[in-house]
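Here's the letter readout for the chains.
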Amino acid sequence: AVAKAKKLAEDVAAKSSAFTFGVFATGDPRIDEASRKRAANIVGLVADVVAKGVRTPDGKPVEVVWTPVLVDGEKQADLVARQFKAAGVGAIICAPDTWAFPQLTAISLLAQFPPDTPFNITCGNSGPKPGVVYAHALNGALAQMGRLAALNVGTWPDTGDKPEMTPATAEALIDWCYAALTHAGLRGRRVVV
């Protein structure tokens, strides 16, 4: 078959696509299986907080996708970036629960998105395998690159397979999501202030 371009109809109003948040977590291949399972569970829990708490200006829920694939290195960063692009992700949330290497993980993923893609790091402040240490290292590395990120150091329990974040942590995350929606909504538009 010969490839052919597709002509757009003149009588159909163009609709903007739904805004989608993508949630993932980083990891380290040396982390034990129980910690990896917990980290993947946290991604789902964070995604649910966004899905339940954020609405578009017309009152509809935002689209939220999440991946149980922990980004341990460039191979997983490439996979998750492809998943997020296929889902139309316009803002990215990283929810680390363990240490990791910034360059091999989130930075490798972010390199595949436009530099103005809103990016949030939301973590607990736990001690066992401190994702908060990774979150600060990642935020510092991004700042040195001139990349803006939002760091939300919150609270969720140090133990348990499915730790729930505190209301204050969720509130800070949801506030950032609304800012990301506003940023996306104003991109390329004419605005009077």
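Refer to the structure printed above.
Criteria and cut-off values
Residues numbered from 1 in each chain as written. Predicted model: local features only at pLDDT ≥ 70, side-chain atom pairs only at ≥ 80, totals over all residues. Heavy atoms only, no water. Helix = DSSP H or I, 4+ residues; strand = E, 2+ residues; numbered from the N terminus. Rg over C-alpha atoms; globule rule 2.2 N^0.38 Å. Buried < 20%, exposed > 50% of the residue type's maximum accessible area, 1.4 Å probe, protein only. Contact = heavy atoms within 4.5 Å. Areas by Shrake-Rupley, 256 points an atom, 1.4 Å probe, with all protein chains shown as cover. Lys, Arg positive; Asp, Glu negative; His and termini not counted. Charge placed at Lys NZ, Arg CZ, Asp CG, Glu CD. Salt bridge = Lys/Arg side-chain N within 4 Å of Asp/Glu carboxyl O. Axes fitted to C-alpha atoms, helices over the stretch in contact; angles between N-to-C directions. Parallel < 35°, antiparallel > 145°, perpendicular 65-115°, else oblique. Left-handed = near helix turned anticlockwise from the far one by under 90°. Nonpolar A, V, L, I, M, F, W, Y, C, P; charged D, E, K, R; others polar. Core = buried A, V, L, I, M, F, W, Y, C linked by side-chain atoms within 4.5 Å. Phe/Tyr/Trp six-rings, centres within 6.5 Å; stacked < 30°, edge-to-face > 60°. Lys NZ or Arg CZ within 6 Å of the ring centre and 35° of its normal. Polar contact = N/O pair within 3.5 Å; in protein donor to acceptor, adjacent residues only side chain to side chain.

1. A few points about the overall build of the protein
And then number 1: Helix and strand counts for the protein come out as 5 helices and 5 strands.
And then number 2: Seen in sequence order, the protein has helices and strands lined up from the N terminus as β-α-β-α-β-α-β-α-β-α.
And then number 3: Computed over its C-alpha atoms, the radius of gyration of the protein comes to 18 Å, within 12% of the 16 Å expected for a compact globule of 193 residues.
And then number 4: Put simply, the protein has 193 residues, and 45% of those count as buried.
And then number 5: In the protein, of all internal contacts separated by at least 6 residues, the share reaching a separation of at least 24 is 78%.
And then number 6: Here the protein has roughly 10,800 Å² of accessible surface; of this, 57% comes from carbon and sulfur atoms.
And then number 7: Here the protein contributes 20 positively and 18 negatively charged side chains, and the mean placements of these two sets differ by 8 Å.

2. Regarding the pattern of salt bridges
Any two side chains of opposite charge can pair, so long as their charged atoms come close to each other.
And then number 1: Inspection of the entire model under this criterion finds 6 salt bridges.
And then number 2: In this structure, Asp-28 engages Arg-30 in a salt bridge whose closest nitrogen and oxygen atoms are separated by 2.7 Å.
And then number 3: Judged by its relative accessible area of 2%, Asp-28 falls in the buried class.
And then number 4: For Asp-58, the salt bridge identified is with Lys-60, shortest N-O distance 3.8 Å.
And then number 5: In this structure Asp-58 comes out as exposed when scored by relative accessible area, which is 54%.
And then number 6: With relative accessibility at 52%, the residue Lys-60 sits in the exposed group.

3. Quick look at the environment of Ala-179
And then number 1: The residue Ala-179 is located in helix H5 (residues 167-186) in this model.
And then number 2: Under the relative-accessibility criterion, Ala-179 is labelled partly exposed at 42%.

4. Focus: the packing of helix H2 (residues 74-86) against helix H3 (residues 103-110)
Between two packed helices, both the angle of their axes relative to each other and the distance between the axes serve to describe the pair.
And then number 1: Between H2 and H3, the least distance of the axes is 8 Å, while the angle of their chain directions is 30 degrees. One way to sum up the angle between H2 and H3 is to call them roughly parallel. Crossing hand, H2 versus H3: right-handed. From H2, Glu-74, Ala-77, Val-80 and Ala-81 reach across to H3, where they touch Leu-104, Thr-105, Ser-108 and Leu-109.
And then number 2: Of the residues assigned to the contact of H2 with H3, the class counts are 5 nonpolar, 2 polar and 1 charged.

5. Observations regarding the nonpolar core
And then number 1: Core analysis: the largest hydrophobic core is formed by 27 residues, its most contacted members being Phe-21, Val-46, Val-50, Val-54, Ile-93 and Cys-177.
And then number 2: Of all the secondary structure elements, the ones that give two or more residues to this core are strand S1 (20-24), helix H1 (33-53), strand S3 (89-94) and H5.
And then number 3: Looking at this core element by element, the count peaks at 8 residues for H5.
And then number 4: Ranked by size, the runner-up nonpolar core spans 24 residues in total, among them Ala-77, Leu-110, Ile-121 and Val-132.

6. With respect to the packing of aromatic side chains
And then number 1: Enumeration according to the criterion identifies 3 aromatic pairs in this entry.
And then number 2: Between Phe-24 and Phe-84, the aromatic rings sit 6.3 Å apart at their centres with planes inclined by 70 degrees, giving edge-to-face as the arrangement. Note that Phe-24 is positioned in strand S1 and Phe-84 in helix H2, a separation of 60 residues in sequence.
And then number 3: Using a relative accessible area of 2% as the deciding quantity, one classes Phe-84 as buried.
And then number 4: The structure contains a cluster of three or more aromatic residues connected by ring pairs, namely Phe-19, Phe-21 and Trp-176.
And then number 5: Over the face of the ring belonging to Phe-113 we find Lys-85, whose NZ or CZ atom lies 5.6 Å from the ring centre.

7. Re the side chain of Arg-147
And then number 1: Take Arg-147: it is sitting in the loop between helix H4 (131-145) and strand S5 (150-153).
And then number 2: At a separation of 3.2 Å, a polar atom in the side chain of Arg-147 contacts the main-chain carbonyl oxygen of Thr-117.
And then number 3: Excluding its chain neighbours within four sequence positions, the residues that come into contact with Arg-147 are Leu-110, Pro-114, Pro-115, Thr-117 and Leu-142.

By themselves, these are just geometric observations and shouldn't be taken as functional.
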